[in-house]
Amino acid sequence: MKIANIKIPGNILLAPMSNVTNLPFRLMCKKYGASLTYSEMISSDAVIYENEKTINRGMSCEEERPLGIQIFGNSPEIMVKAALKIEEIYQPEIIDVNFGCPARLLTKDGCGSALLRSPELIHEIIKGLSDNLSTPVTAKIRILEDMQKTLKVAHLIEEAGADALTVHGRTRQQQYSGKADHSYVKKIKQELCIPVIANGDIVDEKSAREVLDYTECDGIMIGRAAMGNPFLFKRIFHFLGTGEMLDYKPCNQRIADLKEYFGLMEEYNLMHTINVKAQAQWFTRGMRNGRHIRRNIAASKSLKYIFESLDEMCRRAY
Ligand SMILES: Cc1cc2nc3c(=O)[nH]c(=O)nc-3n(C[C@H](O)[C@H](O)[C@H](O)COP(=O)(O)O)c2cc1C
């Protein structure tokens, strides 16, 4: 897939996820084949006010490229200023704009999915960014209740100069309930000329194949199913390429991945930024002895003990 002049090696993308898609996690998804990774969303206002913690969310490394950095905001001027600053600090391959987040923290300020009610402002934001940046600009939206309104927003985004569009097939009101409706994404793909990426409820090999076939989109984006499960990208790539399921030991794989993830967090000095228990929960979800592993991790005083307890669990599992 190509976005503007950027060659993306494949068409399976990792979704931006706040408090999840930090650099170590993105590196692991990349290692297993994710074609493009996005930072957690970054507040344009916070960039302007030089909030170091927020700006650090864009931290990356050569191994990760191509990299997308996602911003949110509601003022075209501030968003351009923030994006120019991000461009200067990180030189990402893509700057993405969040028009999909339904969290009150954003919508109360007219950001994220609240902007879907103001298509003209969306147009102004994308136009401001694409006119002023040398980095390709992409957008991520949710669908509206009405197909025509959704198509109008998609067309405005394209007209304003966006280089690709990701569509999560749920409305703002749905939050994360119900099922993603990919018929909207399919219709948008039929009408737009820029690459369109389908997002929502892609959880395994079969759903990846189905969504790609049904929507005929240029790519798919995976969010929640990748949490604690970066290996999913390898499984999906293998299946799409061969039609066969990858043979692997889920328990050993997840534990090895959790160890590698914590190791990378330590390497990048980020361990203090995460909730270790929550992250362990994602990686051990559905495992027979998952609760035991999580209890051991919670009781461990250092990474060394965490690793030892994970090794012990691995031996017990097989
Ligand atoms: C914990 C969490 C954090 C998220 N943070 C962001 C974000 O920062 N930016 C964004 O555009 N979407 C965010 N999303 C939405 C996802 O990118 C994605 O659109 C959504 O989860 C649907 O895809 P899925 O069914 O594959 O999970 C977040 C979702 C979750 C669950």
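For the structure, check the block above.
From a predicted model like this one, the values you see are computed outputs, not experimental measurements.

Conventions we followed
- Residues numbered from 1 in each chain as written.
- Predicted model: local features only at pLDDT ≥ 70, side-chain atom pairs only at ≥ 80, totals over all residues.
- Heavy atoms only, no water.
- Helix = DSSP H or I, 4+ residues; strand = E, 2+ residues; numbered from the N terminus.
- Buried < 20%, exposed > 50% of the residue type's maximum accessible area, 1.4 Å probe, protein only.
- Lys, Arg positive; Asp, Glu negative; His and termini not counted.
- Salt bridge = Lys/Arg side-chain N within 4 Å of Asp/Glu carboxyl O.
- Polar contact = N/O pair within 3.5 Å; in protein donor to acceptor, adjacent residues only side chain to side chain.
- Contact = heavy atoms within 4.5 Å.
- Arc of directions from axis to C-beta.
- Near = heavy atom within 4 Å.
- Areas by Shrake-Rupley, 256 points an atom, 1.4 Å probe, with all protein chains shown as cover.
- Nonpolar A, V, L, I, M, F, W, Y, C, P; charged D, E, K, R; others polar.
- Core = buried A, V, L, I, M, F, W, Y, C linked by side-chain atoms within 4.5 Å.

(A) Quick peek at the side chain of Asp96. Structurally, Asp96 is set in strand 7 (residues 94-99). Nearest to the buried, unbridged Asp96 among oppositely charged side chains is Lys140, at 6.6 Å. A distance of 3.0 Å separates a polar atom in the side chain of Asp96 from a polar atom in the side chain of Gln70. Among all residues touching Asp96, those that are not within four sequence positions of it are Tyr38, Ile69, Gln70, Ile71, Thr138, Ala139 and Lys140.

(B) Broad picture of helix 10 (residues 232-242). Of the residues making up helix 10, those classed as buried are Leu232, Phe233, Arg235, Ile236 and Phe239. Looking straight down helix 10, one finds that the buried residues subtend no more than 160° of arc, so they occupy a single side. For helix 10, the secondary structure elements touched by its buried residues are strand 3 (12-14), helix 1 (23-31), helix 9 (205-215) and strand 11 (219-222). At the C-terminal side of helix 10, Gly243 shows a positive phi close to 80°.

(C) Geometry of the site of the ligand. What surrounds the ligand is a group of 16 residues, the closest being Gln70, Lys140, Asn199, Asp201 and Arg224. A distance of 2.8 Å separates a nitrogen atom of the ligand from a polar backbone atom of Ser18. Contacts to the ligand include Lys140, whose side-chain N or O atom sits 2.8 Å from an oxygen atom. Protein chains bury 89% of the 600 Å² of accessible surface belonging to the ligand in isolation. For the shell around the ligand, the per-class residue count stands at six nonpolar, seven polar and three charged.

(D) Layout of the side chain of Lys30. Inspection of the secondary structure assignment puts Lys30 in helix 1. The buried charged residue Lys30 lacks any salt bridge partner; its closest oppositely charged side chain belongs to Glu64, at an N-O distance of 5.9 Å. Looking at Lys30, its side chain comes within polar contact range of the main-chain oxygen of Glu64, at 2.6 Å. Discounting residues that sit within four places of it in the chain, Lys30 has contacts with Ser35, Leu36, Thr37, Glu63, Glu64, Arg65 and Pro66.

(E) The pattern of salt bridges, seen in detail. Within this structure, the stated rule accounts for 19 salt bridges. The closest approach of N and O atoms between Glu64 and Arg26, which form a salt bridge, is 2.4 Å. On the criterion of sequence distance, the pair formed by Glu64 in the loop between helix 3 (52-55) and strand 6 (67-72) and Arg26 in helix 1 is long-range, its members being 38 residues apart. In this structure, the salt-bridge partner of Lys179 is Asp201, at a minimum N-O distance of 3.7 Å. On the criterion of sequence distance, the pair formed by Lys179 in the loop between strand 9 (164-168) and helix 8 (182-191) and Asp201 in the loop between strand 10 (196-199) and helix 9 is long-range, its members being 22 residues apart. When salt bridges with common partners are traced through the structure, they connect Arg170, Lys179, Asp201 and Arg224 into a single cluster.

(F) The nonpolar core, seen in detail. Core analysis: the largest hydrophobic core is formed by 89 residues, its most contacted members being Phe99 and Leu165. No other element matches helix 11 (residues 250-267), which puts seven residues into this core. Excluding its chain neighbours within four sequence positions, the residues that come into contact with Leu165 are Ala139, Ile141, Ala154, Ile157, Ile188, Leu192, Ile194, Pro195, Val196 and Ile197. In terms of nonpolar packing, the next biggest core, distinct from the first, is built from eleven residues, Ile8, Leu13, Ile94 and Ala164 among them.

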